[in-house]
Amino acid sequence: MNRTTSTIMAVIGMLLALSIVSCKSAPGAAPADPNTRGGAEKTAPGNAGQWEAAKTDAAAQRKLAQDFKGAEYFPSDYQQAESQYAEAEALRPSDPGGYQEGAKQYTAAADAYRQLNEKNLPRYFEEEAKTAQSAREQAVQAGAEKTKGEALQAADAAAQEGGRRYGEKDYYAAAGSYNAAREYYSLAERMAAGAKLRGDITSRKLMQYDGKSYAQGEENTAAADAAYQRQDIPAAQSAAEAALANYQAVIDASWKGLAEERAKAAKAEQAKALEAKAQIALKSDYAAAEAVLAQGDGAMKKREYQQAHAQYSQAETLFAAAGRNAAQKRRNAENSIKQADKKVVESGQLARTVQRELAGTRVVK
């Protein structure tokens, strides 16, 4: 049995354990069979036995409605059932007639809750399935299929178990399975997101900007992997969150450093543009570059380093273009002056030649 199969089997074992305990989504232990009226009427004699059975059934159906959002989804139906249950609870039977009336009241309340649950439970578990699917999509989008495929498979197994348990009307176990699936999907998403940031950091050698946070992120990642291997999902989730935060700190620090580097580059291009007299030759172009540079300075003051980096990069490009164009404009002007001077010289030479020719003609005559 490979490690992936072992992990999934461990998840299934955990889900089987959840079937006998309460889950986060629906607290409280489930009755043995909440969809049937209890067996007390078969064992308790007379009307008292019927009363006990009806009371147990009503309590079981009421608990289902309470634990699976019956009051939230269908408030009027829930209040109606609650009223009937309160009437039954108010009775204090002491004779056969009283037990018979009490059984009747509890049966009516149980039926009201049962009708509510017939609408409520499908809606609740439809939402559970959709929430699990949404969590899966987020994990896949983060890259979990490539980096944390084992955790994703474990989550898929838990979600499938939730659907199976719901089909068997084992509602508390189903809720536990869906809750486990969400936790696994969330863990896979966090770990994949951390791995993505880490890859960006290492490929671009950004750890130089915040080596301490990077080292802490590496420790967190190792702790998350170790916790996952021993199936301590809360500890794995906590460590994965810490790793993600530390890697993000490195990214944030790198943007600050990168923005500062781009600011220097932009101001170097600005100096070149000034040397080329761009502020005179291309006044509007230079002013536009200067405005973007000021926006970069403003973003730096606000600690919006990524935005500052983008604006400094744009300012660098604009100053460089303004400097080049101003220099080219100056060269074109110089060439025009040279051409004009050349024409003046050529015109003077031509005039002197014509004069000499005219003088020679007169001499011949």
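None of the values given here were measured: they were computed from a predicted structure. (Residues numbered from 1 in each chain as written. Predicted model: local features only at pLDDT ≥ 70, side-chain atom pairs only at ≥ 80, totals over all residues. Heavy atoms only, no water.)

Asker: Report on the overall build of the chain, specifying residues and quantitative values.
Answerer: Each helix and strand counted, the chain has 14 helices and zero strands in total. Walking the chain from its N terminus toward its C terminus, one meets helices and strands in the order α-α-α-α-α-α-α-α-α-α-α-α-α-α. Counting every position in the chain, which comprises 365 residues, the buried fraction comes to 38%. Taking contacts inside the chain between residues at least 6 apart in sequence as the whole, the part at least 24 apart equals 76%. When the accessible area of the chain is evaluated, it comes to approximately 20100 Å², of which 52% is carbon and sulfur surface. (Helix = DSSP H or I, 4+ residues; strand = E, 2+ residues; numbered from the N terminus. Buried < 20%, exposed > 50% of the residue type's maximum accessible area, 1.4 Å probe, protein only. Contact = heavy atoms within 4.5 Å. Areas by Shrake-Rupley, 256 points an atom, 1.4 Å probe, with all protein chains shown as cover.)

Asker: Please give an account of the packing of helix 9 (residues 171-204) against helix 11 (residues 233-275) that cites residues and values.
Answerer: Where helix 9 meets helix 11, the axes come as close as 9 Å, and the angle between the chain directions of the two elements is 30 degrees. Relative to helix 11, the element helix 9 is oriented roughly parallel. Between helix 9 and helix 11 lies a crossing whose hand is left-handed. Each residue belonging to the contact of helix 9 with helix 11 can be placed in one class, and the counts come to 14 nonpolar, four polar and six charged. (Axes fitted to C-alpha atoms, helices over the stretch in contact; angles between N-to-C directions. Parallel < 35°, antiparallel > 145°, perpendicular 65-115°, else oblique. Left-handed = near helix turned anticlockwise from the far one by under 90°. Nonpolar A, V, L, I, M, F, W, Y, C, P; charged D, E, K, R; others polar.)

Asker: Run through the packing of aromatic side chains, naming residues and quoting values.
Answerer: Per the stated rule, a full pass over the model turns up 17 aromatic pairs. Residues Phe68 and Phe125 carry aromatic rings whose centres are separated by 5.6 Å and whose planes lie at 40 degrees to one another, so their mutual orientation is tilted. Placement of Phe68 in the loop between helix 3 (46-67) and helix 4 (70-73) and of Phe125 in helix 6 (residues 96-141) is noted, with a sequence separation of 57 residues between them. Summarising the burial analysis for this pair, Phe68 and Phe125 share the class buried. On the basis of an interplanar angle of 40 degrees and a centroid distance of 6.3 Å, the ring pair of Phe125 and Tyr178 is categorised as tilted. Placement of the pair is Phe125 in helix 6 and Tyr178 in helix 9, with a sequence separation of 53 residues. Like Tyr178, Phe125 is buried. One aromatic cluster in this structure is built from Phe68, Tyr124, Phe125, Tyr166, Tyr171, Tyr172 and Tyr178. (Phe/Tyr/Trp six-rings, centres within 6.5 Å; stacked < 30°, edge-to-face > 60°.)

Asker: Pulling in residues and values, what's your account of helix 6?
Answerer: In this model helix 6 runs 65 Å from its N-terminal to its C-terminal C-alpha over 46 residues, within 8% of the 68 Å that 1.5 Å per residue would give. The largest bend in helix 6 comes to about 35 degrees, at Asn117. Structurally, the start of helix 6 carries an N-cap: the backbone nitrogen of Gly97 is 3.1 Å from a side-chain oxygen of Asp95. (Expected span 1.5 Å × (residues − 1). Bend = angle between axes of the 7 residues up to and from the residue. Polar contact = N/O pair within 3.5 Å; in protein donor to acceptor, adjacent residues only side chain to side chain.)

Asker: Give me the lowdown on the pattern of salt bridges, citing residues and values where you can.
Answerer: Tallied over the entire structure, the rule returns 23 salt bridges. When the shortest N-O distance is used, the salt bridge between Glu218 and Arg198 registers 2.5 Å. Residue Glu218 is found in helix 10 (residues 211-229), and its partner Arg198 is found in helix 9; the two are separated by 20 residues along the sequence. Between Glu260 and Lys256 there is a salt bridge, with its nearest N and O atoms 2.8 Å apart. Remark: Lys256 and Glu260 occur in helix 11; sequence separation between them is four residues, near one turn of the helix. Lys256 sits in the partly exposed class, given a relative accessible area of 32%. Salt bridges sharing common partners tie together Glu161, Arg164, Arg165, Glu168 and Asp170. (Salt bridge = Lys/Arg side-chain N within 4 Å of Asp/Glu carboxyl O.)

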